[in-house]
Amino acid sequence: MMTERERRLAPFLFDASGRTQVVAGVRDTDACRVIAVRLEKPLWELAPGRMGDEYGVLWRTEGGAAVPEGHPVPDADALDAYRFPEVQTGFIEEKLDAFRDAPEEVLRVCTIPAPCLGRAERLAGRGVLHRAMRGDEEFAHTLLRRCCEHTLRVMDAALQFDFDVLRLEERWENADGTPMEPDVWRACVKPYLARLYAMGKAYRKPIIQAGADAAFLGDLCELGVDMMETP
């Protein structure tokens, strides 16, 4: 049975027939205002034009944007030695504190960027990972599984706090930017996405999948997505 708040938020998440909505972006509507928090620590400067992140990835600035270029997990040996950062519950609590005094009519959205494939691409390098997904499947799946398990720990910490919607953000593309083939996505991404969705659903959180191509809508509905946000 839906709670009163779930009933009130349903028009935001679903269309008039109750089906999953596909939208160009999550934004304010006449019925609902949105506050979004992104659980991602900022990059820090190492040298002019060079930055680092908490996962050990090195970044460069290119056209005003940050682009990953130094990857700590390029192969199986590096993956064996790699350790994910500890989940910083204090950081999560500080970020989600933005929701504390939000009025009842506001939709509070918690975004987790790069929850699985995107994190693995940053750690291994996009080309390395996508070649492995089509060749060295043991390396690819071990890395994707560990990225998924790290995100589950982040989610478990975040879900202890009060918010309305969980938003997972990443794009499913090949190394050359073309859409990922459905069979590759189903073999290498979907099993781990299912674990993330299952945890969100266990906490009765509606799930927005951001960055997804409409070709995956059927699979996402099977997993329990509540709204799909296209690029």
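Residues numbered from 1 in each chain as written. Predicted model: local features only at pLDDT ≥ 70, side-chain atom pairs only at ≥ 80, totals over all residues. Heavy atoms only, no water.

(A) Representation of the pattern of salt bridges in the model. Following the criterion strictly, the structure yields 21 salt bridges and no others. For Glu 40, the salt bridge identified is with Arg 122, shortest N-O distance 3.2 Å. One end of the pair, Glu 40, is in the loop between strand E2 (33-38) and strand E3 (44-47); the other, Arg 122, is in helix H4 (residues 117-124), and 82 residues separate them in sequence. Note on Glu 40: relative accessible area 28%, which makes it partly exposed. Salt bridges sharing common partners tie together Arg 38, Glu 40, Arg 122, Arg 167, Glu 169 and Glu 229. (Salt bridge = Lys/Arg side-chain N within 4 Å of Asp/Glu carboxyl O. Helix = DSSP H or I, 4+ residues; strand = E, 2+ residues; numbered from the N terminus. Buried < 20%, exposed > 50% of the residue type's maximum accessible area, 1.4 Å probe, protein only.)

(B) Representation of the packing of helix H5 (residues 126-133) against helix H6 (residues 137-158). In the contact formed by H5 and H6, the axes pass within 7 Å of each other and the chain directions differ by 120°. The angle between H5 and H6 places the two elements in the oblique class. Between H5 and H6 lies a crossing whose hand is left-handed. Of the residues in H6, those in contact with Val 128, Leu 129, Ala 132 and Met 133 of H5 are Glu 137, Phe 139, Ala 140 and Leu 143. In terms of residue class, the contact of H5 with H6 is built from seven nonpolar, no polar and one charged. (Axes fitted to C-alpha atoms, helices over the stretch in contact; angles between N-to-C directions. Parallel < 35°, antiparallel > 145°, perpendicular 65-115°, else oblique. Left-handed = near helix turned anticlockwise from the far one by under 90°. Contact = heavy atoms within 4.5 Å. Nonpolar A, V, L, I, M, F, W, Y, C, P; charged D, E, K, R; others polar.)

(C) Focus on the nonpolar core. Judged by nonpolar contacts, the single largest core of 56 residues is most densely connected at Leu 39, Leu 96, Leu 123, Leu 143, Trp 172, Leu 193 and Leu 220. The greatest single-element share of this core, amounting to 11 residues, is contributed by H6. With sequence-adjacent residues up to four places away left out, Leu 39 is seen in contact with Phe 91, Ile 92, Lys 95, Leu 96, Cys 110, Thr 111, Ile 112, Pro 113, Val 154 and Ala 158. Within the second largest apolar cluster, six residues are counted, among which are Val 34, Leu 107, Val 109 and Ile 208. (Core = buried A, V, L, I, M, F, W, Y, C linked by side-chain atoms within 4.5 Å.)

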